[in-house]
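# Observations on chain architecture
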Amino acid sequence: MTDTALRHADVATVPTPIGPFTTIIDGDGAVLASGWTGDAGTLTGLIHATLRPTELRQRDSLGAVTQAVIDYHAGDLTAIDAIPVRQQSGEFLVHAWEVLRKVPAGEPVTYTEFAGLSGRPAATRAAANACARNSAALFVPCHRVLRIGGALGGFRWGLEAKAWLLAHEA
């Protein structure tokens, strides 16, 4: 990716049943950050420094990315699966985010199970950290990870949103 593609990114916000959802994509159309907020600035700070854009261009739509958000919230739970995501961090976190993308809708896992799926069964805290540091909510579905016993655990966008997402996918 060229340095120019990193400086500029496109952003769009759409209404959803649980509030506004904003997505930031890079010049290649990969999601850099997303979440249930109308404030793109909140999302920009979540993007790794090596990927963080210096300028955001407001758009009405991000094409297939925006359509996937709309379709997912309307009931097509696989609409988000083919959307590319670009996040950067250490080797374990990048791997864990890839693993999260493979957790099927309607089949949530515990933090312990997620750690095992990520290849580090004793690293439950590291698995929880991967969820906490995920900048691409929905597309990297950290809402599908629960505490042992089914408690929701944490979620950057609020436990009501996490509960809605899990019920939507059930």
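Higher on the page you've got the structure.
Residues numbered from 1 in each chain as written. Predicted model: local features only at pLDDT ≥ 70, side-chain atom pairs only at ≥ 80, totals over all residues. Heavy atoms only, no water.

### Thoughts on the side chain of S34
- With respect to the secondary-structure elements, S34 resides in strand β3 (residues 31–35).
- S34 gets classed as buried once you look at its relative accessible area, which sits at 0%.
- Among the polar contacts made by the side chain of S34, one reaches the main-chain carbonyl oxygen of A137 at a distance of 2.7 Å. (Helix = DSSP H or I, 4+ residues; strand = E, 2+ residues; numbered from the N terminus. Buried < 20%, exposed > 50% of the residue type's maximum accessible area, 1.4 Å probe, protein only. Polar contact = N/O pair within 3.5 Å; in protein donor to acceptor, adjacent residues only side chain to side chain.)

### Considerations on the packing of aromatic side chains
- Using the criterion set out here, one finds three aromatic pairs in the structure.
- Summarising the aromatic geometry, the rings of F21 and W36 are spaced 4.8 Å apart at their centres and angled 70° between planes, so their arrangement reads as edge-to-face. Here the residue F21 occupies a position in strand β2 (residues 21–25), and W36 occupies one in the loop between β3 and α2 (40–44), the gap between them amounting to 15 residues.
- Between W36 and F155, the ring centres sit 6.0 Å apart and the planes meet at 50°, which makes this aromatic pair tilted. Within this pair, whereas W36 is found in the loop between β3 and α2, its partner F155 is found in the loop between β6 (145–146) and α7 (159–169), the two being separated by 119 residues in sequence. Both residues of the pair, W36 and F155, belong to the buried class.
- Put simply, the rings of F21, W36, F139 and F155 touch in pairs and so form one group of aromatic residues.
- Against the face of F92 rests R120, its NZ or CZ located 4.5 Å from the ring centre. (Phe/Tyr/Trp six-rings, centres within 6.5 Å; stacked < 30°, edge-to-face > 60°. Lys NZ or Arg CZ within 6 Å of the ring centre and 35° of its normal.)

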